[in-house]
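# Observations on the model geometry
Here is what each chain is made of, one letter per residue.
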Amino acid sequence: MKTLIKNIGLLAGISESTRKEGPDMGVVHCLKDAWLLVDGDIIAGFGGKSVDESSPNAEETLPESDLILDAEGAMLMPAFCDSHTHVVYAGSRLKEFEDKIKGLSYAEIAARGGGILNSADRTHSASEEDLYRQSMERVLEMMAKGSGAIEIKSGYGLNTADELKMLRVIKRIADSVPAHIKATFLGAHAVARGMSKEDYVKQVCDEMIPAVAAEKLAEYVDVFCEKGFFSPEDTDLILTSAGKYGMKVKLHANQLHVSGGVQVGVKHNALSVDHLERTTDAEIACLKGSVTMPTMLPGASFFLREPYGNAKGFIENGLGVALASDYNPGSSPSGDMRFIMALGCIWMRLTPEQAFNAVTLNGAYAMGLSNIVGSIAKGKSANLILTKQGFNEIGSIAYLYQTPFIRKVFLKGKEI
Ligand SMILES: [Zn+2]
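Presented here is a report on the structure given in the accompanying data block. (Residues numbered from 1 in each chain as written. Predicted model: local features only at pLDDT ≥ 70, side-chain atom pairs only at ≥ 80, totals over all residues. Heavy atoms only, no water.)

Moving on, we come to the packing of helix α5 (residues 160-176) against helix α6 (residues 197-214). Close contact between α5 and α6 brings their axes to 10 Å; oriented N to C, the two are set at 35°. The chirality of how α5 crosses α6 is right-handed. On α6, the residues touching Thr160, Glu163, Leu164 and Leu167 of α5 are Gln203, Glu207, Met208, Ala211 and Val212. Tallied by class, residues from the contact of α5 with α6 come to five nonpolar, two polar and two charged. (Axes fitted to C-alpha atoms, helices over the stretch in contact; angles between N-to-C directions. Helix = DSSP H or I, 4+ residues; strand = E, 2+ residues; numbered from the N terminus. Left-handed = near helix turned anticlockwise from the far one by under 90°. Contact = heavy atoms within 4.5 Å. Nonpolar A, V, L, I, M, F, W, Y, C, P; charged D, E, K, R; others polar.)

In structure tokens, the structure reads:
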């Protein structure tokens with residue numbers, strides 16, 4: 001089945017690269033008056049006129065197709081790639097939201113039974129079916145808002161049985177939606193109640209990771225490398241254990257302190273180091289020349305009223321940046337990647353083009369998917385957003401950040 005999308009005002013995000021870095025982050029390749037052919041679940045071809053007025057624009061004959069969709073002059077772009085979420089959880093943390101409004105600190109909220117352990121208790125009590133049902137609602141909402149590739153972490157289990165339960169739910173979601181889903185094991189999200197940190201790290205290394213690997217439930221492993229949670233030394237032990245089972249690394253680093261997480265992540269060839277609200281020149285120097293994508297989560301900065309990461313500093317030093325939603329019940333209860341783009345532009349001073357690359361191709365890179373999704377390229381998965389009329393400039397997506405802009409979303413070639 002071939003579908004031709006014609007009369008595209010702006011075909012945005014054309015790229016054969018696997019990631020965007022430095023000055024290239026500010027470039028989004030586009031064609032105007034364009035067409036794109038979807039064959040089954042892949043992009044089979046595209047064409048159009050150069051946006052550069054000085055280039056000669058040859059007329060093209062449109063390819064044959066079974067179905068024609070008129071884009072009516074609007075924009076067609078890659079679906080968003082959200083490389084950091086915790087959308088599998090039970091219940092909500094509305095009470096903590098209200099406590100924060102009243103002025104309670106994180107420590108006070110934790111003392112009242114809040115935080116990650118609160119979500120762990122609710123996730124423990126929920127049946128696997130109920131956890132799946134609640135999580136699917138969030139994933140379907142994210143897809144409707146244009147996310148076509150989503151990473152989901154465990155980490156509200158904090159014991160082997162419940163971590164495996166979460167990962168089975170992620171697998172079931174992956175099997176039931178057209179979005180590309182990647183699973184990450186985050187047993188080291190917090191220390192389980194009643195255990196010493198040393199014993200818990202040992203359990204993660206010697207029991208949980210082998211169990212996850214045996215059932216092939218996660219490709220990636222993550223650690224909350226943060227003062228008061230897991231030190232760089234704990235993190236190194238866990239990542240070394242994961243490496244023995246062929247699991248790749250993604251890491252929570254430098255959210256609340258300069259934690260040393262970036263250095264340990266780069267040492268283990270992490271795909272991404274995430275958060276980075278607090279970094280110094282040492283972190284930038286460490287990331288240069290590495291395979292690791294710095295990933296920032298402005299939704300968490302917004303919700304917690306924490307500083308935004310120095311994305312500009314990374315880009316000015318030749319690095320790339322990805323932006324992700326961090327969708328989770330405690331610190332970022334939204335998976336709206338378009339809002340993440342707007343926060344990137346408004347609070348991190350990213351240009352709309354830099355923000356665009358951060359939520360598409362670089363997000364795909366940060367979950368090991370940039371040869372499959374994240375840009376318009378022949379042979380890539382047909383994960384596409386067709387905008388409403390009037391949205392035919394990159395900047396308009398973040399600028400008109402509350403005006404509905406999606407006309408259709410295609411994932412693996414199917415309209416959702
Ligand atoms: Zn997170």
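A separate point is the environment of leucine 384. Within the secondary structure, leucine 384 is located in strand β14 (residues 384-387). Sequence separation between leucine 384 and leucine 76 is 308 residues, and the spatial gap between their C-alpha atoms is 6.7 Å. Apart from the residues within four sequence positions on either side, leucine 384 is in contact with Ile5, Leu36, Val38, Ile43, Leu76, Met77, Pro78, Ala79, Ile376, Lys408, Val409 and Phe410.

Assignment of secondary structure puts serine 370 in the loop between α14 (361-365) and β14. Of note is the side chain of serine 370, whose polar atom sits 2.9 Å from the backbone oxygen of threonine 18. Non-local contacts of serine 370, meaning those with residues more than four positions away in its chain, are made with Ser17, Thr18, Leu361, Ala364, Tyr365 and Lys380. (Polar contact = N/O pair within 3.5 Å; in protein donor to acceptor, adjacent residues only side chain to side chain.)

So, on to the coordination of the zinc ion. Reference geometry at the metal: tetrahedral coordination by four donors gives ideal angles of 109.5 degrees; octahedral coordination by six donors gives 90 or 180 degrees. Here the zinc ion is held by His84 (NE2), His86 (NE2), His252 (NE2) and Asp326 (OD), and the distances to it run 2.1 to 2.6 Å. Linear spacing of the donor residues for the zinc ion on their chain is H-x1-H-x165-H-x73-D. Of this pair, histidine 84 sits in the loop between β6 (80-82) and α1 (94-101) while histidine 252 sits in strand β10 (residues 248-253); the two residues are 168 residues apart in sequence, bridging distant segments of the chain. According to the relative accessible area criterion, histidine 84 is buried, its value standing at 0%. (Donors = N, O, S within 2.8 Å, 3.2 Å for Na, K, Ca; no water. Buried < 20%, exposed > 50% of the residue type's maximum accessible area, 1.4 Å probe, protein only.)

With that out of the way, let us pick up the sheet that holds β10. The eight strands are arranged β6-β7-β8-β9-β10-β11-β12-β13 in an open sheet whose pairing can be described as parallel. Of all strands in the sheet, those with a lone pairing partner are β6 and β13 (322-323), marking the two edges. Pairing geometry for strand β12 (residues 293-296) and β13, over two bridges, is parallel. Its bridge partner being in β13, methionine 296 is matched across the sheet by leucine 323. Sitting on the sheet, helix α4 (residues 128-144) touches β6 and β7 (147-153), and the angle it makes with β7 is about 145°. (Pairing = 2+ DSSP bridges.)

Below, the discussion takes up the side chain of histidine 189. One can find histidine 189 in the loop between β8 (180-188) and α6. On the basis of relative accessibility, which here comes to 5%, the residue histidine 189 falls in the buried class. A distance of 2.9 Å separates the side chain of histidine 189 from the backbone oxygen of glycine 155, its partner in a polar contact. Aside from chain neighbours lying at most four places away, what touches histidine 189 is His86, Ile116, Gly155, Tyr156, Leu158, Phe224, Phe229 and Phe230.

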